[in-house]
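Results of the structural survey
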Amino acid sequence: GANTELFQPQPALGAEFRRQHGLRPDDFVVAYAGIHGIAQGLETVLRSAQMLRDQDNIRFVMVGEGPVKPELQQLRSDLGLDNVLMLPEQPRTSMPAVLSAADVALVPLRKVELFEHAVPSKLFDAWACGCPVLLSIDGEARRVLEAANGGLFVPPEDPPALAQAISQLALLPDRGRSLGANGRCFTVERYSRQAQARQLEQILLSVIGDR
C-alpha cells in the first residue's frame, strides 16, 4: 500500500524536478525509483533506452543506489545513452516530486517464479501520485494492475516489448493520464494506509464478535 497523504500528485514539484534536471516540459519521462539490484533486471531498461535513443522526446530517469549500479553506469556509458539520467538515492519525501515529474513509472523484476507472488509497494506509490505504471512482473502484481486498470503489463526481461510499450504511451498521453487516474482512485480506495486500517479494524471487530 501507500501513504496517500505523502504520495499524491504534486505538479508544481514535478515541474521543478524537470527544470532542475534539464527535462523539457514536453519530454516523455520514464522513471524508475528504487534499489538497483540483481532482482530488478535494470539492464532491460537500458537496452530499451538504446532502442528509443532516436526519439529525443523520450527520457529515462533512474533514481537510487544498489549493488549493480556501477555495472549499469558502465553499460550506459558503453551504449552512449544520453537519454538516460542516473541520479543518486533520494529521501522518501522526495519521491512524490520524482513520480509527479514522470509520465510513466517502471516496476520491474526478473523472470523468476518466486517473484510471481511479489507486489512491490512502489506500484502503489506511483499510482498514489497519479502516475501510470509499466509493470514487468507476472502473477499477483499483474492481477492487481489489471484490477486497477492503472497501466500496462510488459513481459519481464524483454527490452523490445518495453520499448514498444513506452512508445505507445508516448504517442497517447491522454491514455497514460487516464491510467494514472485509475491507479490513484484504486489506491485511495483499497491500498491507502487509511483504507488498510479500516480493513484491519473490521477484521478485528469480526473476531471479537465471533467470541
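For the structure, check the block above.
Fair warning: this is a prediction, and the values are worked out from it, not measured in the lab. (Residues numbered from 1 in each chain as written. Predicted model: local features only at pLDDT ≥ 70, side-chain atom pairs only at ≥ 80, totals over all residues. Heavy atoms only, no water.)

With that settled, the discussion passes to the overall build of the chain. In terms of helices and strands, the chain carries nine helices and six strands. The C-alpha atoms of the chain give 17 Å as radius of gyration, which agrees with the globular expectation for 211 residues (17 Å, within 12%). For the chain, the spread of C-alpha atoms along the three principal axes comes to 65 × 40 × 30 Å. When burial is assessed residue by residue, the chain has 48% of its 211 residues classed as buried. When the 21 positive and 25 negative side-chain charges of the chain are each reduced to one mean point, those points stand 2 Å apart. (Helix = DSSP H or I, 4+ residues; strand = E, 2+ residues; numbered from the N terminus. Rg over C-alpha atoms; globule rule 2.2 N^0.38 Å. Buried < 20%, exposed > 50% of the residue type's maximum accessible area, 1.4 Å probe, protein only. Lys, Arg positive; Asp, Glu negative; His and termini not counted. Charge placed at Lys NZ, Arg CZ, Asp CG, Glu CD.)

Two pairing modes exist for strands in a sheet, parallel and antiparallel, and in both the strands are linked by backbone hydrogen bonds. The sheet built from six strands is open, its strands ordered E3-E2-E1-E4-E5-E6 with parallel pairing. Pairing within the sheet leaves two strands with one partner each, and these edge strands are strand E3 (84–87) and strand E6 (151–153). Neighbour-to-neighbour, the strand axes of this sheet turn through a mean angle of 20°, independent of strand direction. Strand direction decides the pairing type here: strand E2 (residues 58–63) and E3, joined by four bridges, are parallel. Bridge pairing links Val63 to Leu87 in E3. (Pairing = 2+ DSSP bridges. Axes fitted to C-alpha atoms, helices over the stretch in contact; angles between N-to-C directions.)

What you see with strand E5 (residues 133–136) is no split at all: Val133 and Leu135 on one side and Leu134 and Ser136 on the other are buried throughout. Of the strand pairs in this sheet, strand E4 (residues 104–108) and E5 are connected by four bridges, and their pairing is parallel. The residue bridging Val107 from the neighbouring strand is Leu135, located in E5. Strand direction decides the pairing type here: E5 and E6, joined by three bridges, are parallel. Counted as the bridge partner of Leu135 is Phe153 from E6.

Okay, the nonpolar core next. Counting 35 residues, the largest nonpolar core has Phe17, Val61, Val63, Leu123, Trp127, Val133 and Leu135 as its most contacted members. Elements represented by at least two residues in this core include exactly strand E1 (28–33), E2, E3, helix H4 (95–101), E4, helix H5 (121–128), E5 and helix H6 (140–148). When residues in this core are grouped by element, the largest group, five residues, is from H5. Those residues in contact with Val133, other than ones at most four positions away along the chain, are Val104, Ala105, Val107, Leu123, Ala126, Trp127, Leu145, Gly150, Gly151 and Leu152. In terms of nonpolar packing, the next biggest core, distinct from the first, is built from 31 residues, Phe28, Met62, Leu81 and Ile166 among them. (Core = buried A, V, L, I, M, F, W, Y, C linked by side-chain atoms within 4.5 Å. Contact = heavy atoms within 4.5 Å.)

Don't take any of this as a statement about function, it's just geometry.
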